[in-house]
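# Structural description and commentary
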Amino acid sequence: MEPTINSIVISEIKKNLKEIGNLTLDLCGSQNPSPEARDKAQKINKLAHEMYELIWLEENSQKQEVTINSLKEAGVNQF
């Protein structure tokens, strides 16, 4: 099954958001002497994390739930 444009885009966005998070974590550390820069990096990291969660929620909301009732086909027994 070929990946759809949507799945490719979502995958790339998630990958990029993870990279943003990783880069900002370096800036949030104690090695950065500027409290203002650390504060901004923490805010960027938080936004990236929230965006990742929203994409994950949207991605999972599009999946159909599989229940035993959805498996009513010949050869599939219900319990």
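Look up a bit, the structure's there.
Note that the structure is predicted; figures quoted are calculated from it, not measured. (Residues numbered from 1 in each chain as written. Predicted model: local features only at pLDDT ≥ 70, side-chain atom pairs only at ≥ 80, totals over all residues. Heavy atoms only, no water.)

### Description of a nonpolar patch on the surface
Residues Ile5, Ile8, Val9 and Ile13 make up a contiguous nonpolar surface patch of roughly 350 Å² in combined accessible area. Topologically, Ile13 is positioned in helix H1 (residues 5–28). (Patch = residues over 30% accessible without salt bridge, like charges linked within 9 Å, V, L, I, M, F, W, Y side chains within 5 Å. Areas by Shrake-Rupley, 256 points an atom, 1.4 Å probe, with all protein chains shown as cover. Salt bridge = Lys/Arg side-chain N within 4 Å of Asp/Glu carboxyl O. Helix = DSSP H or I, 4+ residues; strand = E, 2+ residues; numbered from the N terminus.)

### Some thoughts on the pattern of salt bridges
By the definition in use, this model includes three salt bridges. The residue Glu36 makes a salt bridge to Lys40 at a minimum N-O spacing of 3.3 Å. Of this pair, Glu36 and Lys40 both sit in helix H2 (residues 35–61), four residues apart, which is roughly one turn of that helix. Among the ionic pairs, Asp39 bridges to Lys43, the shortest N-O distance being 3.4 Å. Of this pair, Asp39 and Lys43 both sit in helix H2, four residues apart, which is roughly one turn of that helix. Looking at Asp39, the relative accessible area reads 35%, which means it is partly exposed. (Buried < 20%, exposed > 50% of the residue type's maximum accessible area, 1.4 Å probe, protein only.)

Remember, this is a structural readout, not a statement about activity or role.
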